[in-house]
Amino acid sequence: MPVRKGFILSVVSLISSLHAQTNTRAWHTAGQTFVVWEHSGPVPRDTTYDIYRDDQPISSLSSATWVGRVFACDGENYRIWPYVPGARWRVPDGLGGYYTIGPNEDLFVYTPHEPGSFYYAVVLTGDTLVGPSNTAGPINETADPITCHIQVHKPDTVTIYAHWIDGRSDYNSGRPDYPVMGNEWANSVGFNFAVWEPFGGLPPGDVPLVTHIHGGYGNLLELAAVARFLVPGGLLLCLDDPLRCHVGFTDTMLDINTYWFGYRKKYNRFAPAWPVGQDTVVNYTARRVWWEIEWVKENLAVDPDRVSLHGWSMGGFGTAFHTQMRPDLFSAGLAEVPQLKGPKGNVNPTGLWAIFGDTIQNYPTNFPGNPRFYDLTDQAWRVRQPHEDWPFLICISGKHDTLVLWPHNHERYILLDSARTGAWLYWDERGHMSWEWVGAHFNPSEHISASFLTRFRRNQSFPAFWGTDLWPDSSGRQPDIGSGDTADGDPWGTWGGYLEWDPASVIEQPDKWSVKIWVVHQSAYPNDIPESDTILTNLTPRRLRSFRPVPGGYYRWCLVRDSDGDTLQAGVVQAGSDSTIDVMGLLLLKEKTTLTIEPTADISEYLPQTLTLTGNSPNPFSGKTTVSFALYEPGPVSIMFYNALGQRVLELPLGKLGPGFHRVAIEPGLKPGVYFYRLAAGQRLSGIKIMVIQ
């Protein structure tokens, strides 16, 4: 039986109207336009709507500009459902109050870049019909400052805020006060963050802020049960990293984590696809993280110099990454079971591989110089690049972690330590999940806690310990981190974590830097206290402000015991070309000592002291490097090289040298790897240094 064309069109129109939208309205407030509409009937959750905008009344989509797409379920504030079941977005109503998106409504939020009068239309994806029920306007828009809006408020406990991002194809086109935080397919996506007040209330004045970023498949509310006890006297800010995407041809949506970084410019969350061709991985999420923290700093009673970062797993990666990429923002970081190697792509088209591309493509990023994504996100790559001083970092890894493999972090621990940036590096028997930490040697250490981070300040220098040795009289470096094999080396240990300093004791003047330092001897947790009463270490002052060493200048140092004023050690060092000062071979005690560093023009009084090895530059290197050292008596000098197992692999004679400071170019000829080396002058040996050959 023939079917008339008009009948088919009528059926299509009927189906479209059943899934269409109605009662569309819009208003502008707080720098953004809020478009709300009702579903005209039941719709699958993965149904999508397209939003158009024009400066003229919209009677046809042909002249309007497409500005975004949303799922039919995007009115849900589902990320806070564990805390507020069934929550939906709460938006400002433009009248001084708030409007909660109804169960049969949907939402789109537009961020204008310029003032004007505009109209909006909402249509089912693929539909083109517009009329009074699915259009709104004119809306008088401004470029007023954008703020965050309260979703949940429990006095003296927690406030959950939200904002809706500006998504554009041009990621550099954002407003000065509100950067682009997603591509065009993510325009209007809403994000929450929670601010927890401590049990017992806040003290007066500005308080420290510890920012927590969750692990993979985590949630901003994962700490809800204990959040109020984690930062006594300060605020705990919990951020979120979901990107809702479509899965197949069902009503299933999946939250993809973006590793606190971002995703490809061309990634379409409504139709994830195999990445092909040229692309750029843009730091959309990083921009949002930084903006949210800055908003909290500006709008709450936060000490801007005491903003730290904490996270585990994916959040541990994010902690190391963000503190190093934005040292101006953070005072310190704590990374638990961190993925220091960074994310690695997989073949799931809705997973990491889809949003980043694979390791062979290794797309460039939008960071200065356009470094490749899988390079930039690897700690081993970052530590080798020129950089300003990073904040103090604490890392704890598990040798039995089956998700973040110990060999990966082991290699990066060695590089971090040799970079002298200032990191306490822990390892023990823990696995990856929190319930696998029970019984681990350093669980729960006083140092590995959110509250410990509040002692650090962004505007204060600190001593970076490196090359520490718990038993300097034993062969090899102790504790022994091993070769990277899980069964090799000590089951637990720390490089730097047994050493302490008093932040309040730091004195920094143009002609003087000093700090009180000691071996940990008091702690509520016994495993924080080492067996040894002394620890051999090297020290580099970091994040210096007014004390600015002159490259090549001489600086005298002395270590004095506080209890009796005795000088325990003294010497002279020469500042490196990067203005760093490395004080080598300090023997610290389980009692307070004060290290003082001052410029000097007279080095003769220190010539009888022990042999001093400053280090080599560049490090890492390939081919040649220059070793710097001070020799206080004439005689033959050689350099001895050891592998990671402590075995001597090379002795390189430098000949007979006179007293004074020397810089000698060498070419060891060893295969690429990490080596320890020391200087030998007669019967005297220098402290141990680390050399990395690429």
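Residues numbered from 1 in each chain as written. Predicted model: local features only at pLDDT ≥ 70, side-chain atom pairs only at ≥ 80, totals over all residues. Heavy atoms only, no water.

Participant: If you had to explain the overall build of the protein to someone new, which residues and values would you point to?
Facilitator: Along its length, the protein carries seven helices and 40 strands. In terms of C-alpha radius of gyration, the protein reaches 29 Å, essentially the compact-globule figure of 26 Å for 694 residues. Along the first, second and third principal axes, the C-alpha atoms of the protein reach 105 × 55 × 45 Å. By the burial criterion, 58% of the 694 residues in the protein qualify as buried. With the model as given, the accessible surface of the protein reaches about 27,500 Å², and the carbon-plus-sulfur share is 54%. If you average the places of the 54 positive and of the 71 negative side-chain charges in the protein, the two averages end up 4 Å apart. (Helix = DSSP H or I, 4+ residues; strand = E, 2+ residues; numbered from the N terminus. Rg over C-alpha atoms; globule rule 2.2 N^0.38 Å. Buried < 20%, exposed > 50% of the residue type's maximum accessible area, 1.4 Å probe, protein only. Areas by Shrake-Rupley, 256 points an atom, 1.4 Å probe, with all protein chains shown as cover. Lys, Arg positive; Asp, Glu negative; His and termini not counted. Charge placed at Lys NZ, Arg CZ, Asp CG, Glu CD.)

Participant: Outline the sheet that holds strand E1 (residues 21–29), listing residues and values.
Facilitator: Judged by pairing direction, the sheet is antiparallel, and its three strands sit side by side in the order E1-E2-E7 without closing on themselves. Looking at strand neighbours, the two that pair on one side only are E1 and strand E7 (105–110), the edges of this open sheet. Across the sheet, the mean angle from the axis of one strand to that of its neighbour is 20 degrees, orientation sign disregarded. Bridge count for strand E2 (residues 32–39) against E7 is six bridges, and the pairing is antiparallel. Counterpart to phenylalanine 34 in the pairing with E7 is valine 109. (Pairing = 2+ DSSP bridges. Axes fitted to C-alpha atoms, helices over the stretch in contact; angles between N-to-C directions.)

Participant: Got a sec to walk through the sheet that holds strand E33 (residues 612–617)? Specific residues and values, please.
Facilitator: Taken in spatial order, the three strands make up an open sheet running E33-E34-E37, and their pairing is antiparallel. Unpaired on one side and paired on the other, E33 and strand E37 (660–666) mark the two borders of the sheet. Along the sheet, successive strands turn relative to each other by an average axial angle of 20 degrees, direction set aside. Inspection of the sheet shows strand E34 (residues 625–631) paired to E37 by seven bridges, in the antiparallel sense. Paired with serine 628 across the two strands is arginine 663, which belongs to E37.

Participant: Would you mind going over a nonpolar patch on the surface in detail, with residue names and values included?
Facilitator: A cluster of nonpolar side chains, contributed by Phe199, Val226 and Phe229, occupies part of the molecular surface with about 330 Å² of accessible area. Relative to the helices and strands, valine 226 resides in the loop between strand E13 (207–213) and strand E14 (235–238). (Patch = residues over 30% accessible without salt bridge, like charges linked within 9 Å, V, L, I, M, F, W, Y side chains within 5 Å. Salt bridge = Lys/Arg side-chain N within 4 Å of Asp/Glu carboxyl O.)

Participant: Summarise the environment of aspartate 358; cite the residues concerned and give the values.
Facilitator: Within the secondary structure, aspartate 358 sits in the loop between helix H4 (352–356) and helix H5 (373–376). Sequence separation of aspartate 358 and proline 275 is 83 residues, and the distance between their C-alpha atoms is 8.5 Å. Aside from chain neighbours lying at most four places away, what touches aspartate 358 is Trp353 and Tyr374. A polar contact is formed between the side chain of aspartate 358 and the backbone nitrogen of isoleucine 360, at a distance of 3.0 Å. (Contact = heavy atoms within 4.5 Å. Polar contact = N/O pair within 3.5 Å; in protein donor to acceptor, adjacent residues only side chain to side chain.)

Participant: Quick rundown of the side chain of histidine 28? Include the residues and the values.
Facilitator: Within the element layout of this structure, histidine 28 appears in strand E1. Look at histidine 28 and you get buried, because its relative accessible area is 17%. Only 3.1 Å separates the side chain of histidine 28 from the backbone oxygen of glutamine 32, close enough to count as a polar contact. At 2.9 Å, the side chain of histidine 28 and the side chain of threonine 33 are in polar contact. Those residues in contact with histidine 28 that sit more than four places away from it in its chain are Thr33, Pro112, Ile139, Asn140, Glu141 and Thr142.

Participant: Describe the packing of aromatic side chains, with residues and values.
Facilitator: Throughout the structure, instances matching the rule amount to 44 aromatic pairs. Considering the side-chain rings of tyrosine 259 and phenylalanine 317, the 5.6 Å spacing of their centres and the 65 degrees angle between planes classify their relative orientation as edge-to-face. With tyrosine 259 in the loop between strand E16 (253–256) and strand E17 (263–264) and phenylalanine 317 in helix H3 (residues 314–325), the pair connects residues that are 58 residues apart, well separated along the chain. Of the two residues, tyrosine 259 and phenylalanine 317, both sit in the buried class. Seen in terms of ring centroids, phenylalanine 392 and phenylalanine 462 are 5.7 Å apart; in terms of plane orientation they differ by 80 degrees. Their pairing is edge-to-face. A residue pair is termed long-range when its members are at least 10 positions apart, and phenylalanine 392 in strand E21 (residues 392–398) and phenylalanine 462 in strand E23 (residues 462–469) qualify at 70 residues. Assigned by exposure class, phenylalanine 392 and phenylalanine 462 land together as buried. What links up through ring pairs into an aromatic cluster is the set Tyr259, Phe261, Phe317, Phe321, Phe356, Phe367, Phe373 and Tyr374. (Phe/Tyr/Trp six-rings, centres within 6.5 Å; stacked < 30°, edge-to-face > 60°.)

Participant: Kindly report on the nonpolar core, identifying the contributing residues and their values.
Facilitator: As a rule of thumb, soluble globular proteins bury nonpolar side chains together. With 55 residues, the main nonpolar core has Trp501, Trp513, Ile517, Leu586, Leu595 and Ile597 as its most contacted residues. In terms of residues, this core owes the most to one element, strand E27 (residues 512–519), which gives four residues. The next biggest cluster of nonpolar side chains, apart from the first, holds 54 residues, and it includes Tyr178, Phe261, Tyr267 and Tyr363. (Core = buried A, V, L, I, M, F, W, Y, C linked by side-chain atoms within 4.5 Å.)

Participant: Tell me about the pairing of E13, and please be specific about residues and values.
Facilitator: As a general feature of sheets, a regular strand has side chains that alternate between the two faces. With seven of seven residues buried, E13 is to be regarded as a mostly interior element. As defined by bridge partners, E13 adjoins strand E19 (residues 302–312) across six bridges and the pair is classed as parallel. Bridged to isoleucine 213 within E19 is glycine 311. Where E13 and E14 come together, four bridges link them in parallel fashion. Residue pairing for E14: leucine 209 is matched across the bridge by leucine 235.

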